[in-house]
Amino acid sequence: MTTTSLTFAALTLDCDDPAALADFWGKALDRPVSPGAVAGDMAVDATGPDSGPRMILHNPSDPKTAQSGAHPVLVTDHYDEEIERLSSLGARPLNEITVPTEALPPGVAAIRQTTFVDPGGNKFDLVLWQPEK
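Thresholds applied
Residues numbered from 1 in each chain as written. Predicted model: local features only at pLDDT ≥ 70, side-chain atom pairs only at ≥ 80, totals over all residues. Heavy atoms only, no water. Helix = DSSP H or I, 4+ residues; strand = E, 2+ residues; numbered from the N terminus. Buried < 20%, exposed > 50% of the residue type's maximum accessible area, 1.4 Å probe, protein only. Areas by Shrake-Rupley, 256 points an atom, 1.4 Å probe, with all protein chains shown as cover. Core = buried A, V, L, I, M, F, W, Y, C linked by side-chain atoms within 4.5 Å. Contact = heavy atoms within 4.5 Å. Expected span 1.5 Å × (residues − 1). Polar contact = N/O pair within 3.5 Å; in protein donor to acceptor, adjacent residues only side chain to side chain.

Caption draft 1: View of the overall build of the protein. If you tally the helices and strands in the protein, you get two helices and eight strands. Counting from the amino terminus, the protein carries its helices and strands in the arrangement β-α-β-β-β-β-α-β-β-β. Classification of the 133 residues of the protein by burial places 34% in the buried group. Carbon and sulfur atoms provide 54% of the accessible area of the protein, an area that totals close to 8600 Å².

Below, the structure written as structure tokens:
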């Protein structure tokens, strides 16, 4: 059996306006924006090994292509401030939940999560994990 080493290189989001959505995500993640490898695509570049994968914003040739349902999850220690900042950039909050205590993983005291829709209609979550003290 051979061992394969895989690395998560990029997350691609389909959208109608790659430039506008790259502008939103570049500002939201404080990352540089660049052209994608395919004409018309845009990219939000990773700034280092701990910043997560590169994001590719792509306008599919077939607009009827179904969205996968996958969406980014962002973690923060400044939950309320990020809610305001992301909203001011054009994200729209859909709902907020607090995970019940019995559903928390070991070592976690609380989780708050807000699901947003970005300006291109893609869902993403903002999460605050509060470790047990």
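Caption draft 2: Geometry of the nonpolar core. In this structure, Trp25, Leu57, Leu86, Phe116, Phe124 and Leu126 are the most contacted members of the largest nonpolar core, which totals 19 residues. Mapped onto this core, the elements with two or more residues apiece are helix H1 (18-29), strand S4 (54-58), helix H2 (79-88) and strand S8 (123-131). Sorting elements by how many residues they give to this core places H1 first, with five residues. Among residues more than four places away in sequence, those in contact with Leu86 are Phe24, Ala28, Ala91, Phe116, Phe124 and Leu126.

Caption draft 3: Fine view of H1. With 12 residues, H1 ought to run about 16 Å at 1.5 Å a step, and its terminal C-alpha atoms sit 16 Å apart, in line with that. With its phi angle positive at about 55°, Asp30 sits one or two positions after the end of H1.

Caption draft 4: Spatial organisation of the side chain of Thr115. Along the chain, Thr115 turns up in strand S7 (residues 108-117). Taking relative accessible area as the criterion, Thr115 reaches 12% and is therefore assigned buried. Within the structure, Thr115 has its side chain in polar contact with the side chain of Asp125 (distance 2.7 Å). Ignoring any residue separated from it by four or fewer positions in sequence, one finds Thr115 in contact with Arg92, Pro93, Leu94, Asn95, Lys123, Phe124 and Asp125.

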